[in-house]
Amino acid sequence: MNLANLLVRSACIDPQAPAVAMGKRTLYDYRELARRAGALAASLRDGLGLQPGDRVALAMSNCPAYLEVLYGVWFAGLAAVPINCKLHGREMQFILADSGASVLFAGADIADALSPHVASLPSLRRVVIAGSAEYERLSAAPAMRPLARAADDLAWLFYTSGTTGRPKGVMLSQRNLMTMTLCYFSDVDVAAREDAILYAAPMSHGAGLYNFAHVLVAARHVIPESGSFDAQEIFGLAEHHRNVSMFAAPTMVKRLVEQAERGGVDASGIKTIVYGGGPMYVEDIERALAVLGQRFVQIYGQGESPMTITALARRHFTNRAHPRFRQRIASVGVAQSAVEVCVHDDAGRELPAGETGEVVVRGDTVMPGYWNNREATTETLRGGWLHTGDVGVFDGDGFLTLRDRSKDVIISGGSNIYPREVEEVLLMHPAVHEVSVVGRAHPQWGEEVVAFVVTEPGMQLATEELDALCLDHIARFKRPRQYLLLPALPKNNYGKVLKSELREMLTGRGPQ
């Protein structure tokens with residue numbers, strides 16, 4: 001089983017089907033996409049000496065080269081390590097070192113900033129800048145055909161931050177990603193040759209995972225000229241390409257709705273918006289339905305079971321006559337076809353409908369484990385179930401509603417921010433005695449980061465210094481937007497910080 005065969009299949013059946021577009025301009029067809037991927041694969045194998053199972057990292061913003069490199073990696077029997085290009089250079093350095101990546105494909109926009117952080121990595125043989133003369137030379141080599149791979153071979157190594165502050169490498173196999181792709185057709189949406197998928201969210205994350213379903217049917221892959229999310233640009237591209245599908249965080253959906261209300265745009269070019277990655281409030285999805293129409297599907301997943309835990313199908317958004325319509329659109333839907341989803345109590349017992357507990361998952365989409373992290377694997381996959389850390393409840397019809405995120409993750413603009421990671425950086429400042437980071441509701445981004453800080457006795461602290469510390473160690477989007485000084489953090493009898501009280505302070509309900 002090799003995911004690259006999806007591309008070979010489409011290149012044989014529909015060689016002249018448009019494959020990749022930059023904005024409104026088609027760059028090449030499926031025959032050429034497959035040739036370029038095969039050429040990169042041959043260069044990685046023969047020119048750079050990589051062997052099956054070696055890792056290749058991608059640190060690029062959305063661009064046509066992303067698909068070429070991904071499939072080139074799989075053609076050569078290698079594993080892809082997509083990295084969020086917004087991360088700080090130190091964070092990328094850790095991922096590159098931990099994964100043992102042999103080659104890094106980097107975007108020209110981040111290459112200079114990244115250079116000092118990768119110079120001394122022992123496993124890294126080569127850094128290739130996308131679009132450079134070297135890149136074009138590698139993609140012009142005689143193409144090879146995909147190597148045979150086993151279903152359980154590593155295909156995608158996705159790094160997700162954890163409560164320990166160190167990212168963990170989620171190992172996703174060929175089988176995991178193939179099963180996820182088939183779930184798209186059975187539980188999310190139907191894709192066809194005349195469709196287009198638009199990458200407005202990072203291809204290093206969920207949006208990029210939906211490439212497989214669209215490669216399988218020889219649909220178009222559209223990269224916005226801006227390389228990022230721009231609501232006005234998206235509507236223009238949808239009008240041009242038609243039958244456009246896209247993955248979007250709830251904050252992106254809100255911005256599309258606001259743009260449509262301001263500009264009176266025609267949304268008929270948009271076929272499907274799959275949203276996920278954070279909470280969508282009932283008022284927001286009802287407003288989106290009223291403005292943009294019945295174009296929505298919701299998915300709930302994690303890196304450990306990508307895009308494939310539950311789904312809220314299009315038909316559930318259209319059935320307004322159902323007596324529990326509002327409750328259903330507030331849920332994350334029903335279990336997808338290839339997985340079992342349950343709610344367990346602390347003892348690992350399955351709870352009946354109506355009772356709240358931890359959401360657990362098992363099936364062929366669930367990762368085999370974390371890269372080089374047996375302890376975390378054992379803890380997360382205990383009892384044969386993926387323990388999500390999310391708290392939820394099923395209703396009698398099988399719809400799952402999430403109650404809380406037990407790991408205290410902050411979701412801002414669709415990106416996960418783990419408080420412990422930010423706290424550890426702030427504690428590096430000599431004037432910081434204690435710190436606790438929480439999320440505060442934000443009208444545009446969903447949540448924003450707020451840090452409660454206790455200073456060392458007798459020491460002065462300027463918040464500008466904390467800002468500079470964060471910007472020197474973590475990605476800009478993880479930086480707190482406000483620092484609140486307290487004489488002490490609220491704690492229980494065991495010394496655990498009561499983040500619930502901190503959140504109440506932010507809403508004005510708790511002690512100041």
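Structural notes, computed from the coordinates. These numbers come from a predicted model, not from an experiment. (Residues numbered from 1 in each chain as written. Predicted model: local features only at pLDDT ≥ 70, side-chain atom pairs only at ≥ 80, totals over all residues. Heavy atoms only, no water.)

So, on to the overall build of the protein chain. Of the regular secondary structure elements, the protein chain holds 18 helices and 25 strands. Taking 2.2 N^0.38 as the reference for a compact globule, 512 residues should give roughly 24 Å; the C-alpha atoms of the protein chain span a radius of gyration of 23 Å, in line with that estimate. For the protein chain, the spread of C-alpha atoms along the principal axes amounts to about 65 × 60 × 50 Å. Across the 512 residues that make up the protein chain, the buried fraction comes to 58%. Considering only intrachain contacts with a sequence separation of at least 6, the fraction spanning at least 24 residues in the protein chain is 67%. Total accessible area on the protein chain is roughly 20900 Å²; 49% of this is exposed by carbon and sulfur atoms. Positive and negative side-chain charges of the protein chain, numbering 51 and 56 respectively, have mean locations separated by a distance of 4 Å. (Helix = DSSP H or I, 4+ residues; strand = E, 2+ residues; numbered from the N terminus. Rg over C-alpha atoms; globule rule 2.2 N^0.38 Å. Buried < 20%, exposed > 50% of the residue type's maximum accessible area, 1.4 Å probe, protein only. Contact = heavy atoms within 4.5 Å. Areas by Shrake-Rupley, 256 points an atom, 1.4 Å probe, with all protein chains shown as cover. Lys, Arg positive; Asp, Glu negative; His and termini not counted. Charge placed at Lys NZ, Arg CZ, Asp CG, Glu CD.)

Our next topic: the side chain of H316. When you line up the elements, H316 lands in helix α13 (residues 314–318). In contact with H316, not counting residues within four places along its chain, are F325, R328, I329 and F399.

This part takes up the pairing of strand β8 (residues 168–173). For β8, the tally of buried residues reaches six of six residues, placing the bulk of the element in the interior. Residue alternation in β8 divides its side chains into two sets, K168, V170 and L172 and G169, M171 and S173, and both sets are buried. Pairing of β8 with strand β18 (residues 369–370), which is carried by two bridges, proceeds in the antiparallel orientation. Note on β18: the bridge partner recorded for V170 is Y370. (Pairing = 2+ DSSP bridges.)

With that settled, consider the sheet that holds strand β23 (residues 432–442). Sheet architecture is open: three strands sit in the order β23-β24-β25, paired in mixed fashion. Two strands bound the open sheet, and with one partner strand each, they are β23 and β25 (482–485). Here the strands of the sheet are splayed against their neighbours by 25° on average, with no regard to which way each runs. Sheet topology note: the β23/strand β24 (residues 446–455) ladder contains 10 bridges and is antiparallel. Note that in β24 the partner of V437 across the bridge is A451. Of the strands in this sheet, β23, β24 and β25 touch helix α18 (residues 499–507), which is tilted by about 60° from β23. (Axes fitted to C-alpha atoms, helices over the stretch in contact; angles between N-to-C directions.)

Right, let's talk about the nonpolar core for a bit. Y71, W74 and F296 are the most contacted members of the largest nonpolar core, which has 115 residues in total. It is helix α3 (residues 64–75) that contributes the most residues to this core, nine residues altogether. Discounting chain neighbours no more than four positions away, the residues touching Y71 are L3, A4, L7, A37, N211, F212 and V215. In terms of nonpolar packing, the next biggest core, distinct from the first, is built from 42 residues, I110, Y159, M171 and L426 among them. (Core = buried A, V, L, I, M, F, W, Y, C linked by side-chain atoms within 4.5 Å.)

Next up on the list: the sheet that holds strand β9 (residues 196–198). Strands sit in the order β2-β1-β10-β9-β11-β12-β13-β14-β15 across an open sheet of nine strands; the sheet is mixed. Two strands close off the open sheet at either side, each with one partner strand: β2 (25–29) and β15 (334–335). Bridging between strand β1 (residues 18–22) and strand β10 (residues 220–223) involves three bridges; their strand directions are parallel. Within the sheet, the bridge partner assigned to A21 lies in β10 and is V222. Where helix α7 (residues 174–188) meets the sheet, it contacts β11 (244–248), β12 (270–275), β13 (296–302) and β14 (305–312), and its direction lies at approximately 15° from that of β14.

This brings us to unusual backbone geometry. Here R242, not a glycine, exhibits a phi torsion of approximately 65°, which is positive. Take R242: it is sitting in the loop between α10 (231–241) and β11. Taking the relative accessible area as the measure of exposure, R242 reaches 33% and is therefore partly exposed. Here M307, not a glycine, exhibits a phi torsion of approximately 60°, which is positive. Among the secondary structure elements, M307 is positioned in strand β14.

Looking at the element boundaries, E225 is found in the loop between β10 and α10. Taking the C-alpha atoms as reference points, E225 and L237, separated by 12 residues in sequence, lie 9.8 Å from one another. Excluding residues that lie within four positions of it along the chain, E225 makes contacts with M22, G23 and E233.

Looking now at the packing of helix α2 (residues 30–47) against α3. In the contact formed by α2 and α3, the axes pass within 7 Å of each other and the chain directions differ by 55°. When the interaxial angle is binned, α2 and α3 end up oblique. For the element pair α2 and α3, the recorded crossing hand is right-handed. Seen from α2, the contacting residues are L33, A34, R36, A37, G38, L40, A41 and L44; seen from α3, they are E68, V69, Y71, G72, V73 and F75. Class assignment of the residues belonging to the contact of α2 with α3 gives a composition of 10 nonpolar, two polar and two charged. (Parallel < 35°, antiparallel > 145°, perpendicular 65-115°, else oblique. Left-handed = near helix turned anticlockwise from the far one by under 90°. Nonpolar A, V, L, I, M, F, W, Y, C, P; charged D, E, K, R; others polar.)

Closest axis-to-axis distance for the helix α1 (residues 4–13)/α2 pair is 8 Å, and the angle between their directions is 140°. The two elements α1 and α2 meet at a crossing, and its hand is left-handed. Only Y30, R31, L33, A34 and A37 of α2 make contact with α1, whose side of the interface consists of L7, S10 and A11. Here the contact of α1 with α2 is built from residues that sort into six nonpolar, one polar and one charged.

This next bit is on the side chain of D189. Tracing the backbone through its elements, the reader meets D189 in the loop between α7 and β9. Polar contacts involving the side chain of D189 include one to the side chain of R314, which spans 3.0 Å. (Polar contact = N/O pair within 3.5 Å; in protein donor to acceptor, adjacent residues only side chain to side chain.)

So, about the environment of G206. Relative to the assigned elements, G206 resides in helix α8 (residues 206–209). On the basis of relative accessible area, G206 is assigned to the buried category, the value being 12%. Note: C-alpha distance between G206 and G303 (97 residues apart in sequence) is 8.4 Å. What G206 contacts, discounting residues up to four positions off in sequence, is F247 and M307.

A few words on the packing of aromatic side chains. Using the criterion set out here, one finds 10 aromatic pairs in the structure. Centroid distance W74 to F212: 5.3 Å. Interplanar angle 40°. Geometry classified as tilted. Of this pair, W74 sits in helix α3 while F212 sits in helix α9 (residues 211–216), and the two are 138 residues apart along the sequence. Taken together through their ring pairs, the aromatic side chains of Y71, W74, W156 and F212 make up a single cluster. (Phe/Tyr/Trp six-rings, centres within 6.5 Å; stacked < 30°, edge-to-face > 60°.)

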